[in-house]
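Listed below are the residues making up each chain.
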Amino acid sequence: MKKNATISAAIAASGPAGLIAVAVLCTLAAGCAPVGVKGSAPGAGAVQTAAPAAPAAAPPLAAAPGPAAPPRFAVVSLEEAVASTTRAVFSSAPAAGATNVVIDPLIDGTTGYQSKATQSLQSRIIDIVRREFPRYTVQRITPEALQRQPRVLVGTFTPVNAQNKPAGERESFWFCLVLLDLASNRIVARAVAHVRIQDADATPTATFRDSPAWTDDPGIRAYVANCQGSKVGDPINPQYFDGLLAAALLSEAGDAYDEGNYAEALQLYSTARKTSWGDQLRVYNGLYLSLHRLGRAAEANAAFRDLVDYGFRKNRLALKFLFRPGSVRFAPDNEFTASYDLWLRQIATQALE
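Here, residues in each chain are numbered from 1, in the same order as that chain's written sequence. Selection of residues for local features in this predicted model requires a pLDDT of at least 70, selection of side-chain atom pairs for listing and counting requires 80 or more, and totals for whole chains, interfaces and linings are taken over all residues. For side-chain calculations, the full set of non-hydrogen atoms in the structure is used, while hydrogens and water are omitted.

**Focus on the side chain of threonine 275**
Worth spelling out the cut-off: Helix and strand assignments come from DSSP, with helices taken as H or I runs of at least 4 residues and strands as E runs of at least 2, each series counted from the N terminus. The buried label goes to any residue with under 20% of its type's maximum accessible area, the exposed label to any with over 50%, and the partly exposed label to all in between, with areas taken from a 1.4 Å probe on protein chains only. Contacts described as polar in this section are N or O atom pairs within 3.5 Å, which, within protein, must combine one atom able to donate a hydrogen with one able to accept it, while residues neighboring in sequence count only if both atoms come from side chains. Throughout, a contact is declared for two residues whenever any of their heavy atoms are within 4.5 Å.
Within the secondary structure, threonine 275 sits in the loop between helix H8 (262-273) and helix H9 (281-293). The class of threonine 275 is buried, set by a relative accessible area of 18%. Polar contacts involving the side chain of threonine 275 include one to the main-chain carbonyl oxygen of alanine 272, which spans 2.7 Å. In contact with threonine 275, not counting residues within four places along its chain, are Leu245, Ala246 and Leu249.

**Things to note about the packing of H8 against H9**
As a reminder of what qualifies: Helix axes are fitted to C-alpha atoms over the stretch in contact, other axes to C-alpha atoms as well, and angles between N-to-C directions run from 0 to 180 degrees. Just so you know how the angles are binned, under 35 degrees is roughly parallel, over 145 roughly antiparallel, 65 to 115 roughly perpendicular, and the rest oblique. Each crossing is labelled by how the near helix is turned from the far one, with a counterclockwise turn of less than a right angle marking it left-handed and a clockwise turn marking it right-handed.
Running from N to C, H8 and H9 cross one another at 150°; their axes reach a closest spacing of 9 Å. Taken together, H8 and H9 sit at an angle that is classed as roughly antiparallel. The handedness of the crossing between H8 and H9 comes out as left-handed. Mapping the contact onto sequence places Tyr262, Ala265, Leu266, Tyr269, Ser270, Ala272 and Arg273 in H8 and Arg282, Val283, Tyr284, Gly286, Leu287, Ser290, Leu291 and Arg293 in H9.

**Thoughts on the sheet that holds strand E4 (residues 137-140)**
This is how it is decided: Strands qualify as paired when DSSP identifies two bridges or more between them.
One open sheet accounts for five strands, arranged E4-E3-E5-E6-E7; its pairing is mixed. What marks the edges here is a single partner per strand, and that holds for E4 and strand E7 (186-196). Pairwise comparison of adjacent strand axes, ignoring direction, gives a mean angle of 25° for this sheet. Both strand E6 (residues 172-181) and E7 contribute to a ladder of ten bridges, which runs antiparallel. From the neighbouring strand, leucine 179 faces E7, where its bridge partner is alanine 189.

**Some points on the packing of aromatic side chains**
Aromatic ring pairs are reported here in terms of the distance separating the ring centres and the angle at which the planes meet. Just so we agree on the cut-off: Pairing of aromatic side chains here covers Phe, Tyr and the six-membered ring of Trp, requires ring centres within 6.5 Å, and sorts the geometry by plane angle: under 30 degrees stacked, over 60 edge-to-face, intermediate tilted. As a reminder, the over-ring test applies to NZ of lysine and CZ of arginine, requiring each to be within 6 Å of the ring centre and within 35 degrees of the ring normal.
Tallied over the full model, the rule gives 17 aromatic pairs. Measuring from centroid to centroid gives 4.6 Å for phenylalanine 330 and tyrosine 340, while their planes differ by 75°, and the two rings are edge-to-face. Linking phenylalanine 330 in the loop between strand E9 (316-323) and helix H11 (340-351) with tyrosine 340 in helix H11, this pair joins segments that are ten residues apart in sequence. Exposure remark for tyrosine 340: the relative accessible area of 1% places this residue in the buried category. Each residue in the set Tyr288, Phe304, Phe321, Phe323, Phe330, Tyr340 and Trp343 is aromatic and connected to the rest through ring pairs, giving one cluster. Above the plane of the ring of tyrosine 136 lies arginine 135, whose end atom (NZ or CZ) is 4.8 Å from the centre.

Right, here's the structure in full:
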């Protein structure tokens, strides 16, 4: 097999009401186990403004009779978490410095996906800053905005278990909000909170819902590094800093795709591909999806080949296939089902090259 890559499949079943079950990535060589999500979380409390470098393990819990002791961190509502972390970040940031702030879209800290939850967080953050911190001008990240060397707001929203680890049965979302200063190349403010699991809708946005492939992408790792394992005063992750132009283009491209502007999305993804950080999975997924939506089959086929090649070069290729519930047949009502034969032929052809 080409470059000895591991091939994984993300398999989801469409339910009777047309819902899509949570997809689980399974590495064939190592097997897989489903990840549980608990429907309720521990009681509420004050939002944290400092946290372990994380998500990291919390201190061991004291033994107690009866039910297991609650986690050592407070779990609050989404509304309270957004308000407290936003106020903590913008209150603690040094007054001297840029007053322009751009938001690089918040993501799931495990998958790198944007979701309805992360979009909701961004909207609420913008409202609070405009109302309570008028010295700042907040906007979405764009190549033009980056030329003014603004401060950049990033954040991860990661499902974690009772030990604050992204594994096993998830009991809350670990929300980390960080303000980066491009002029000084430093992290200037940071706050975290734990959000009740039932308060957030983790449904992916259209771009990430439709993306056929997933793998551990360097661009996403660089973004996450600014939140997880960081502290105020640390330098901005150098790979993230170098990839900001591509990140801005990808943000605009994702917005265009989500709004159904596929020609504009294709142009932006193509421009991002030409940057020094254009060799990343979000670019290849976006090019394929935009061409597919525009009905440009031959070009979409070539773009999918590039996507598969990227997976082999990274020694892992994970694709999503949707099946009927309780069946080995593909789901008939998914727009991409008709492309599955093409996907499998591309994988087989490149695996033998």
